[in-house]
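Descriptive structure summary
This is what each chain is made of:
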Amino acid sequence: MLFRYIAFHYTKNFLIILLALTGLFAGLDFLMNATSLQSFNLKVLYVFNKWQESLSLLYPLAIIFGAIWTKIIFIKLNSMGALYSLGVTRKEVSVPFLSVAFFIYIFFVGLNFTSFATAKDTAKALKKHEYNTRTSEHLFFKYNESFVYIGKLLPFKKKLEKLTVFTFKDKKIDKVQSADSATYNGKEWLALNVTQKTKRLNDKGEPYLTIEHMEKLNTLVGYNPKILNSIYEDRQLTLYESLIAKKLLNSQGIGTFKVRSDIYGKIIMPLFSIALLMILLFTFPFHARYMNVGAETIKALGGTLFVWGILFALHQMGSTGGILPEVGTILPIVILWLYALYVWGRAGSKM
């Protein structure tokens with residue numbers, strides 16, 4: 001009964017705050033960019049995707065703000081004092097808050113395995129009138145023992161144009177394979193009518209060039225068009241695609257700090273809200289006569305925003321390679337959780 005009572009009020013207040021914050025975010029953005037959207041359908045799609053983007057960004061704050069609001073309401077109504085007078089401990093009161101917060105966290109992590117994670121890019125494409133037509137041009141990257149140049153990538157058509165593969169031997173170009181286009185068959189890219197230029201040596205050891213025509217070329221195994229478009233063009237991926245991209249980049253010996261930071265940002269970063277929630281639950285006064293409601297609220301909100309700002313800045317430094325993503329995201333969250341667990345343990349069965 002106690003669990004349901006607290007969980008219901010906390011969930012209600014969380015949803016009210018989340019909808020208010022995300023509605024304000026999406027509404028202000030729409031007011032600034034509405035003129036660049038031509039039709040009503042585009043405007044609706046744009047607002048919806050900006051709202052999804054704001055959900056991903058702001059739900060950790062709503063977890064904390066919803067708990068602060070709920071706790072203040074309970075204190076002002078003397079509900080907390082009544083509960084403690086019945087022998088309910090602080091830990092028992094905190095269980096519904098933490099259970100709901102964990103459920104919300106898991107729900108949003110699950111959403112990041114869907115197109116929810118790419119809402120920011122979708123909104124940007126709608127604004128630039130490039131929805132379903134976005135292309136990437138002049139991509140150049142390492143693939144196994146070769147380097148690949150792509151003139152134009154059309155991810156929605158699963159097609160690329162002007163493919164050139166440079167194969168090296170002893171740090172020198174040994175072979176060049178080129179084709180006008182290639183298509184993705186679900187596992188790899190298939191190019192037809194390929195021209196292959198190979199450097200050879202004659203009997204005297206003098207180099208000469210041979211030109212051959214190949215019927216087909218299979219290359220870029222595992223490079224899904226969307227992943228290929230995203231990892232080299234600074235675009236969003238779902239969590240599943242990020243994990244695949246990390247594996248691909250590792251296999252090529254390419255730095256994965258950006259992909260790792262994106263994964264940590266979706267899975268690790270939001271955990272700060274639950275740790276901070278745990279700290280606030282045990283440091284907030286439990287009776288109105290022991291607190292100045294306005295001052296305590298400002299301190300809790302200000303402290304939350306300050307911690308969030310520091311963590312966000314460190315995460316951004318990790319995503320740009322300024323520091324290791326593990327140092328910028330995981331380490332601060334671990335430190336915050338260690339302190340939260342210390343506060344939890346110190347609370348014991350005290351009121």
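Please refer to the structure placed before this passage.
Residue positions are given per chain, counting from 1 as you read along its sequence in written order. Restriction of local features to residues with pLDDT of at least 70 applies here, the model being predicted, together with a cutoff of 80 or more for giving and counting side-chain atom pairs; totals for whole chains, interfaces and linings are based on all residues. Side-chain metrics in this entry use all non-hydrogen atoms of the structure; hydrogen atoms and water are not considered.

1. A few points about the sheet that holds strand 5 (residues 189-201)
By definition, two strands form a pair when at least two bridges between them are found by DSSP. Runs of E in the DSSP output that reach at least two residues are strands. Runs of H or I that reach at least four are helices, and both are numbered from the N terminus. The strand order across the open sheet built from 6 strands is 1-2-3-4-5-6, with neighbouring strands paired in antiparallel fashion. Every interior strand has two partners, whereas the edge strands, strand 1 (136-143) and strand 6 (207-219), have only one. In this sheet, neighbouring strand axes are inclined to one another by 15° on average, regardless of whether the strands run parallel or antiparallel. As paired elements, strand 5 and strand 6 share 12 bridges and run antiparallel to each other. By the bridge assignment, Leu190 is partnered in strand 6 with Asn218. Axis lines are fitted through C-alpha atoms, for helices just across the contact stretch, and the angle between N-to-C directions can take any value from 0 to 180 degrees.

2. Comments concerning the packing of aromatic side chains
Aromatic ring pairs are described here by two measures, namely the spacing of the ring centres and the angle between the planes. Pairing of aromatic side chains requires ring centres within 6.5 Å, counting the rings of Phe and Tyr and the six-membered ring of Trp. Pairs whose planes differ by under 30 degrees are stacked, by over 60 edge-to-face, and all others tilted. Counted according to the given criterion, the structure contains 16 aromatic pairs. Aromatic side chains Phe102 and Trp337 sit 6.4 Å apart centroid to centroid with 40° between the ring planes, which places their arrangement in the tilted category. In this pair, Phe102 sits in helix 4 (residues 90-111) while Trp337 sits in helix 11 (residues 325-347), placing the two residues 235 residues apart along the sequence. Judged by centre distance (5.9 Å) and plane angle (20°), the ring pair of Phe141 and Tyr223 falls under stacked. Here Tyr223 lies in the loop between strand 6 and helix 6 (225-231) and Phe141 lies in strand 1, a separation of 82 residues in the sequence. Across the pair, Tyr223 and Phe141 agree in class, each one buried. Among the aromatic residues, ring-to-ring pairing joins Tyr59, Phe107, Phe108 and Phe116 into one connected group. A simple rule labels every residue: compare its accessible area, found with a 1.4 Å probe on the protein chains alone, to the largest value its type can have, and call it buried under 20%, exposed over 50%, or partly exposed in between.

3. A word on the packing of helix 4 against helix 9 (residues 271-283)
Across the interface, helix 4 lies against helix 9 with an axial gap of 10 Å and an inter-helix angle of 165°. Regarding the angle of helix 4 to helix 9, the classification is roughly antiparallel. Note on packing geometry: the crossing formed by helix 4 with helix 9 is right-handed. In this structure, helix 4 contributes Arg90, Lys91, Ser94, Phe97, Leu98, Ala101, Phe102 and Tyr105 to the contact, and helix 9 contributes Leu271, Ile274, Leu277, Met278, Leu281 and Phe282. Residue composition of the contact of helix 4 with helix 9, grouped by class: 11 nonpolar, 1 polar and 2 charged. Orientation labels follow simple angle bins: below 35 degrees gives roughly parallel, above 145 gives roughly antiparallel, 65 to 115 gives roughly perpendicular, and whatever is left gives oblique. For a crossing to be left-handed, the near helix must be turned anticlockwise from the far one by less than a right angle; the clockwise case is right-handed. A contact between two residues is defined here by any heavy atoms of the two lying within 4.5 Å. Gly is placed with the polar residues, together with every amino acid not listed as nonpolar (Ala, Val, Leu, Ile, Met, Phe, Trp, Tyr, Cys and Pro) or charged (Asp, Glu, Lys and Arg).

4. Topic: helix 11
Multiplying 1.5 Å by the helix residue count minus one yields the expected span of that helix. When the terminal C-alpha atoms of helix 11 are compared, their 33 Å separation across 23 residues agrees well with the 33 Å that a helix rising 1.5 Å per residue should span. Of all bends in helix 11, the biggest is about 25°, found at Leu331, and the proline Pro332 comes one to four residues later. Consider a residue and the seven residues that end there alongside the seven that start there; fitting an axis to each set, the bend is the angle between those axes.

5. Here we look at the nonpolar core
Membership of the largest hydrophobic core comes to 82 residues, with the highest contact counts inside it found for Ile150, Trp189, Phe272 and Leu277. Of all the elements, helix 2 (residues 40-76) adds the most residues to this core, at 13 residues. Aside from chain neighbours lying at most four places away, what touches Phe272 is Pro60, Leu61, Ile64, Val307, Trp308, Leu311, Ile333 and Leu336. Note on terminology: a nonpolar core comprises buried Ala, Val, Leu, Ile, Met, Phe, Trp, Tyr and Cys residues joined through side-chain atoms within 4.5 Å.

6. A word on the pairing of strand 1
Two elements, strand 1 and strand 2 (residues 146-154), share 7 bridges in a ladder whose sense is antiparallel. When the bridges of strand 2 are listed, Leu139 appears paired with Ile150.

7. Here we look at the pairing of strand 3 (residues 159-169)
Here strand 2 runs beside strand 3; their pairing, made up of 8 bridges, is antiparallel. Paired with Val148 across the bridge in strand 3 is Val165. Two strands pair when backbone bridges link them, and strand 3 and strand 4 (residues 172-184) are joined in this way by 10 bridges, in the antiparallel orientation. Bridge assignment links Lys169 to a residue of strand 4, and that residue is Lys172.

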